[in-house]
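What the coordinates show
Residue strings, one per chain:
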Amino acid sequence: MRDYDAATAFLGEWGRFQRLVFFLLSASIIPNGFNGMSVVFLAGTPEHRCVVPRGANLSGEWRNASIPLELRGGQEAPSRCRRYRLAALANFSALGLRPGSDVELEAVEQEPCLDGWEYSRDVYRSTIVTEWNLVCEDDWKAPLTTSLFFVGVLIGSFISGQLSDRYENPYVNLFCLSRTTCHVILMQRNRFGRKSILFLTMAVQTGFSFLQIFSTSWEMFTVLFLIVGMGQISNYVVAFILGTEILGKSVRILFSTLGVCIFFAIGYMLLPLFAYFIRDWRMLLLALTVPGLFCIPLWWIIPESPRWLISQGRYKEAEAIIRKAAKINGIPAPSVLFGTAEMQDSKPQQQQKAILLDLFRTRNIATITIMSLLLWFFTSVGYFGLSLSTPDWHGNAYVNCFLSAVIEVPAYVIAWLLLRSLPRRYSLSGTFFLGGSVVLFIQLVPAELNILSVGLVMLGKFGITAAFSMLYVYNVELYPTVVRNMAVGATSTASRLGSIIAPYFVYLGAYNRFLPYILMGSLTVLIGIITLFLPESYGNPLPESFEQMLKVKCFRNRQQTTGIRSSKESPKSLITPL
């Protein structure tokens, strides 16, 4: 059968139809920016201390001294989880003794917060933390909530693949996680169609976010949040599928690296604006759910994928969409788009199946695989760790979250420019070193220079986000065709696992404010070093077999030139200049 791109070349690359699909599919990702980072405010932990009941029979002086002081961030602050034993304080108060002068408070027995907690409302009016007291002995539940959301993302990745694939032979999987986290899965066939799954997953994301508003327990909220994560990534995946199948070659890379990712960042930027004006977590969820309803009219505008229709033998429907696109673009369509012979010869070719062990079949590919898994895992930890830690930065939590989102836009643009013009290894390693080193420097900033420390975190986020968005392209270029799909799936799973544990890196900040940054910075610098040992793929054709794979630096004694490093050959590259 004739190549689909050749059959539709008369439409052009950037007509009104393509622009419409580009922007509408990108805009459908905006709610993903809400849901992906909403936990920053939904599970925000305000300042808190033990409640001292009004009927405790304490004088005003003893009531003020009922909370012990503890060292936090280099300064003394009221304890969040302990109080002096009220029975003892009541006896001292009844005897007319004074705290500090008559009674040494350090010698008074302490007890946990038996009557609950009182929370500051300076930043949040209510969150799931204040709703269900997820503090002190239960403070592990807040990061677990975030982790289970990313477990849902991991499960959703598999489910969306199953829904999209009727047979077990995907054409290629493209995973691009920055804010990062995006997938591109181009399947030869599926059961329900791209468009139906896109709107179904958007309905899951919006519907279950709405149901979260009525949660009566932390357990109920968390289970629903897991399902929201499943819908979120599935929506992301299918939007990529639909866009890459409809748009032409020269626009696909722009769509996958800038279009969807930047619109995700726009949703991320809108999140702190909503949260600033709506500080009750239930009302905030309601406000974040409403934009999903605006996607409903898109059902009558966004078309089904003609590629998918052709793969199902539904040529008349595909031809109707292509002719409508030609009409929108103001271009006359050929009288015959698909001949009878093409329709009869439309069976997809079967690809050679690969298994996970093929990623370790030789010393070279095993080394590349292990290094790639480490890169994806620790990059995900750094990206999500910095994104989720915005409330812990100096200054206003809402401004910090907004800045964290804004910095992603130039990071994506720089990554796109680097991919077009510079070697992969040095681009990745440089951004890793930039992100990791500045995060490490945060611990050296004096406490009074708060703005500088926030600036360093922002610069670190910039470097890690840029590296994250480039990592997918580099990963695809390293592996031969027979295992490329398997390799991207494995590294994407490693990335998901990194996002699952990232909340616990942030959680370590409760014990030492600089510990999360030391760990994330060190690991990011480490993978920057690892990147330098990987082979350079820029300007090389994609390998088709294991023999054509580029060699890891430490295994290569001399440059191989047997048809895979010729600069005179036009490279088969994923990056298409516009």
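Let us look at the structure shown here.

1. Observations regarding the overall build of the chain
The secondary structure content of the chain amounts to 22 helices and eight strands. Taking all 578 residues of the chain together, the buried fraction comes to 56%. Carbon and sulfur atoms make up 61% of the accessible area of the chain, which amounts to about 25100 Å² in all.

2. As for the pattern of salt bridges
All chains considered together, the criterion is met by 10 salt bridges. Between Glu47 and Arg80 there is a salt bridge, with the nearest N and O atoms lying 2.7 Å from each other. Of this pair, Glu47 sits in the loop between helix 4 (39-42) and strand 1 (48-50) while Arg80 sits in the loop between strand 3 (75-78) and strand 4 (82-84), and the two are 33 residues apart along the sequence. Look at Glu47 and you get partly exposed, because its relative accessible area is 42%. Note on Arg80: relative accessible area 26%, which makes it partly exposed. For Glu111, the salt bridge goes to Arg83, with nearest N and O atoms at 2.8 Å. Of the two residues, Glu111 is situated in strand 5 (residues 110-112) and Arg83 in strand 4; the sequence distance between them amounts to 28 residues. Residue Glu111 is classed as buried on the basis of its relative accessible area, which comes to 11%. Residue Arg83 is classed as buried on the basis of its relative accessible area of 3%. Through salt bridges with shared partners, a single network forms among Arg83, Glu111 and Asp115.

3. Comments concerning the state of the cysteines
As enumerated under the stated definition, the model contains two disulfides in all. Through a disulfide, Cys50 is tied to Cys113; the S-S separation comes to 1.7 Å. With the S-S dihedral at roughly -60°, the linkage between Cys50 and Cys113 falls on the left-handed side. With Cys50 in strand 1 and Cys113 in the loop between strand 5 and strand 6 (117-119), the pair connects residues that are 63 residues apart, well separated along the chain. An identical accessibility class is assigned to Cys50 and Cys113; each is buried. A sulfur-sulfur distance of 2.0 Å marks the disulfide that ties Cys81 to Cys136. Its S-S torsion of approximately -95° makes the covalent link between Cys81 and Cys136 left-handed. Pair noted here: Cys81 is in the loop between strand 3 and strand 4 and Cys136 is in the loop between helix 7 (128-132) and helix 8 (141-164), with a separation of 55 residues, a long-range link. Here the bonded cysteines of the chain are numbered in sequence order, and their pairing is 1-3, 2-4.

4. Digging into the environment of Gly455
Tracing the backbone through its elements, the reader meets Gly455 in helix 20 (residues 450-478). Considered as a pair, Gly455 and Ile442 are 13 residues apart in the sequence and their alpha carbons are 9.4 Å apart.

5. Some remarks on helix 14 (residues 315-329)
Over its 15 residues, helix 14 runs 21 Å from end to end, which matches the ideal 21 Å to within 8%, given 1.5 Å per residue. Residues of helix 14 that are buried: Tyr315, Ala318, Glu319, Ile321, Ile322, Ala325, Ala326 and Asn329. Down the axis, helix 14 shows its buried residues gathered within 160° of arc, on one side only. Exposed side chains of helix 14 directed beyond 90 degrees from the buried face belong to Lys316, Lys324 and Lys327.

6. Looking at the packing of aromatic side chains
Applying the stated rule across the entire model yields 26 aromatic pairs. Relative to Tyr398, the ring of Phe41 lies with its centre 5.1 Å away and its plane at 5°, an arrangement referred to as stacked. Judged by relative accessible area, Tyr398 falls into the buried class, the value being 5%. Residues Phe149 and Phe225 carry aromatic rings whose centres are separated by 4.7 Å and whose planes lie at 35° to one another, so their mutual orientation is tilted. According to the relative accessible area criterion, Phe225 is buried, its value standing at 2%. Feature note: the residues Trp132, Phe149, Phe150, Phe221, Phe225, Trp281, Trp376, Tyr383, Phe384 and Phe468 constitute an aromatic cluster, connected by ring pairs. Lying across the ring of Tyr276, Arg279 places its NZ or CZ 4.7 Å from the centre. Its guanidinium or amino end placed over the ring of Tyr426, Arg425 lies 4.8 Å from that ring's centre, counting from NZ or CZ.

The rules behind these values
Residues numbered from 1 in each chain as written. Predicted model: local features only at pLDDT ≥ 70, side-chain atom pairs only at ≥ 80, totals over all residues. Heavy atoms only, no water. Helix = DSSP H or I, 4+ residues; strand = E, 2+ residues; numbered from the N terminus. Buried < 20%, exposed > 50% of the residue type's maximum accessible area, 1.4 Å probe, protein only. Areas by Shrake-Rupley, 256 points an atom, 1.4 Å probe, with all protein chains shown as cover. Salt bridge = Lys/Arg side-chain N within 4 Å of Asp/Glu carboxyl O. Disulfide = S-S within 2.5 Å. Expected span 1.5 Å × (residues − 1). Arc of directions from axis to C-beta. Phe/Tyr/Trp six-rings, centres within 6.5 Å; stacked < 30°, edge-to-face > 60°. Lys NZ or Arg CZ within 6 Å of the ring centre and 35° of its normal.

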